[in-house]
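# A closer look at the structure
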Amino acid sequence: MTKIIKSCIYMFLITCTATIYSQSFSNANEYLDFVGGEQQEITKNMWKYTKALAHSKSDRSINNKRKSLIKTVENAISKIEKANSYDGDEYKNQVLNHLRLNESLLKQDYAKIVDMKEVANQSYDLMEAYMIAQEMADKKMQESQVEYEKNFYAFAAKHNINIIENETDLGKKMQISNKVFKHYNKMYLVYFKVYINEVYLMEALKKNDVSAIQQNANALSQSANEGLEILKSIETYNNDSSIIEATKKTFDFFIEESENNIPKMVDFLILNEDFTTIKNTLEKTPERKRTKEQIDTYNKKVKELNKGVKDYNKINQDLNTKRQNVINSLNATNDNFLAKHIPND
């Protein structure tokens, strides 16, 4: 009598192993039961890891989920190795090869990704490298899963076992999460390519480096305008344009800041440099040798500087508030996007 085995097979799943130590199997059904016995434990840990990537802001929590998943896979490998196979070792070795590859990915590739994340915010190249490394690791795991599924169905077919694929629950969730993350990462790279120029601009402002401020303001304006053009061609995910709209508002702020406000701040810094020069020259001139023109020029600059300080501080305060608001709004939109499209149960 043919047995029906329900299987939750999906693209990103680290797959089937055993829950009990079984010494021998009288038929293929028993062996697939054995191989599939640990599936739920592994898929639960895999989903915990995926949920942490989507919902957790704690790098430690994410890494702990990865380590927990590694232990689950290690235990599964040990049980498969110790158990007898059925109808030769071919299928057993195929399963073990799949598990060992995923164990290696989790221990090496994903560990490197954790390290890369720590420095990714330093430059666009580092952020892009970090996301590419993620995609490559995910691709390797997906390719391994495809190979596993082919072997799984081949073994079942060889022994006249029908497999009913269950596309609900974890399998469906994982497929959805992959698509969500792909859209999210694409959008974040578009944003970060512009945002990194804002970071460099803020560093230049802290140093009062007029040349660097002007250079980075120009770069920010250019990249933000280019970013707006890119946003026009990006397709939404499930008709959800929230990230696109929030990113657009952020770019609009960057353009307003760099083209209209930063030049005013630069004018003040130049004024301050001129005042410092006039002040130093006047102080080096003995009082009896100071001319009326020197004193009048100095007094005029004092008035201009006092007004400039007020204007500069107001512009800086307004920019800081607006900047914080648009970035907070974008971050909240990103969080809501992941929460909305990736299940948290």
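Each value, and the rule that gives it
- Residues numbered from 1 in each chain as written.
- Predicted model: local features only at pLDDT ≥ 70, side-chain atom pairs only at ≥ 80, totals over all residues.
- Heavy atoms only, no water.
- Helix = DSSP H or I, 4+ residues; strand = E, 2+ residues; numbered from the N terminus.
- Expected span 1.5 Å × (residues − 1).
- Bend = angle between axes of the 7 residues up to and from the residue.
- Contact = heavy atoms within 4.5 Å.
- Salt bridge = Lys/Arg side-chain N within 4 Å of Asp/Glu carboxyl O.
- Buried < 20%, exposed > 50% of the residue type's maximum accessible area, 1.4 Å probe, protein only.
- Phe/Tyr/Trp six-rings, centres within 6.5 Å; stacked < 30°, edge-to-face > 60°.
- Lys NZ or Arg CZ within 6 Å of the ring centre and 35° of its normal.
- Core = buried A, V, L, I, M, F, W, Y, C linked by side-chain atoms within 4.5 Å.
- pLDDT = per-residue confidence, 0-100.
- Axes fitted to C-alpha atoms, helices over the stretch in contact; angles between N-to-C directions.
- Parallel < 35°, antiparallel > 145°, perpendicular 65-115°, else oblique.
- Left-handed = near helix turned anticlockwise from the far one by under 90°.
- Nonpolar A, V, L, I, M, F, W, Y, C, P; charged D, E, K, R; others polar.

Glancing now at helix H8 (residues 242-284). Every α-helix carries 3.6 residues per turn, so stepping three or four residues along brings you back to the same face. For H8, with 43 residues, the first-to-last C-alpha span of 60 Å sits near the 63 Å given by 1.5 Å per residue. Approximately 40° is the largest bend angle found in H8, and it occurs at asparagine 261, with the proline proline 263 only one to four residues beyond.

Attention now moves to the side chain of histidine 183. Along the chain, the position of histidine 183 falls in helix H6 (residues 169-206). Ignoring sequence-local partners within four residues, the contact set of histidine 183 consists of Ile234, Glu235, Thr236, Tyr237 and Phe337.

Another aspect to go through is the pattern of salt bridges. All told, the structure shown has 16 salt bridges when counted by the stated rule. Ionic pairing is found between aspartate 240 and lysine 340, a salt bridge with its closest N-O pair at 3.7 Å. With aspartate 240 in the loop between helix H7 (210-233) and H8 and lysine 340 in helix H9 (residues 292-341), the pair connects residues that are 100 residues apart, well separated along the chain. Using a relative accessible area of 9% as the deciding quantity, one classes aspartate 240 as buried. For lysine 340, a relative accessible area of 60% gives the class exposed. Aspartate 318 is the salt-bridge partner of lysine 314, the closest N and O atoms lying 3.0 Å from each other. With lysine 314 and aspartate 318 both in helix H9 and four residues apart, the pair spans about one turn of that helix. On the basis of relative accessibility, which here comes to 32%, the residue aspartate 318 falls in the partly exposed class.

Turning next to the packing of aromatic side chains. Counted under the stated rule, the structure contains 14 aromatic pairs. Summarising the aromatic geometry, the rings of phenylalanine 192 and tyrosine 195 are spaced 6.2 Å apart at their centres and angled 50° between planes, so their arrangement reads as tilted. Of this pair, phenylalanine 192 and tyrosine 195 both sit in helix H6, separated by three residues, roughly a single helical turn. Using a relative accessible area of 0% as the deciding quantity, one classes phenylalanine 192 as buried. Summarising the aromatic geometry, the rings of phenylalanine 253 and phenylalanine 254 are spaced 5.8 Å apart at their centres and angled 55° between planes, so their arrangement reads as tilted. Among the aromatic residues, ring-to-ring pairing joins Tyr184, Tyr188, Tyr191, Phe192 and Tyr195 into one connected group. Positioned above the aromatic ring of tyrosine 124 is the side chain of lysine 193, whose terminal nitrogen or guanidinium carbon lies 5.6 Å from the ring centre.

Of all hydrophobic cores here, the largest spans 89 residues; its most connected members are Tyr91 and Phe251. With 16 residues, H6 is the single largest residue contributor to this core. Those residues within four positions of phenylalanine 251 in sequence are excluded, and the remaining contacts are Val190, Tyr191, Val194, Ala224, Gly227, Leu228 and Leu231.

Moving on to unusual backbone geometry. Even without being a glycine, asparagine 208 presents a positive backbone phi close to 55°. Positionally, asparagine 208 belongs in the loop between H6 and H7.

Here we take up the confidence of the model for the protein chain. Per-residue pLDDT for the protein chain has a mean of 85; in total, 87% of the residues score no lower than 70. Of all secondary-structure elements in the protein chain, the lowest mean pLDDT belongs to strand S1 (residues 4-7), at 39, while H7 reaches the highest, 97. Confidence drops under a pLDDT of 50 for residues 1-22, and excluding neighbours within four residues, the segment shows 103 contacts in the predicted structure.

Axis angle and axis distance: for two packed helices, these are the angle between their axes and the distance between the axes, and together they describe the pair. Taken N-terminus to C-terminus, the directions of H7 and H8 make an angle of 160°; their axes are 9 Å apart at the nearest point. In this view, H7 runs roughly antiparallel relative to H8, as classed from their interaxial angle. Note on packing geometry: the crossing formed by H7 with H8 is left-handed. Across the contact of H7 with H8, the residue classes break down as 15 nonpolar, six polar and five charged.

Inspection of the secondary structure puts glutamate 235 in the loop between H7 and H8. With near-sequence residues (within four places) excluded, glutamate 235 lies in contact with His183 and Ile244.

Close contact between helix H4 (residues 90-119) and helix H5 (residues 124-158) brings their axes to 10 Å; oriented N to C, the two are set at 170°. Judged on the interaxial angle alone, H5 and H4 are roughly antiparallel. Here the residues of the contact of H4 with H5 are counted per class, giving 18 nonpolar, seven polar and four charged.

Before going further, it helps to spend a moment on the environment of isoleucine 176. Here isoleucine 176 shows up in helix H6. A residue is classified by how much of its surface remains accessible, and isoleucine 176, at 27% relative accessible area, is partly exposed. Expressed as a C-alpha distance, the spacing of isoleucine 176 and isoleucine 342, which sit 166 residues apart in the sequence, is 7.0 Å. Setting aside residues no more than four positions away along its own chain, isoleucine 176 makes contact with Tyr237 and His341.

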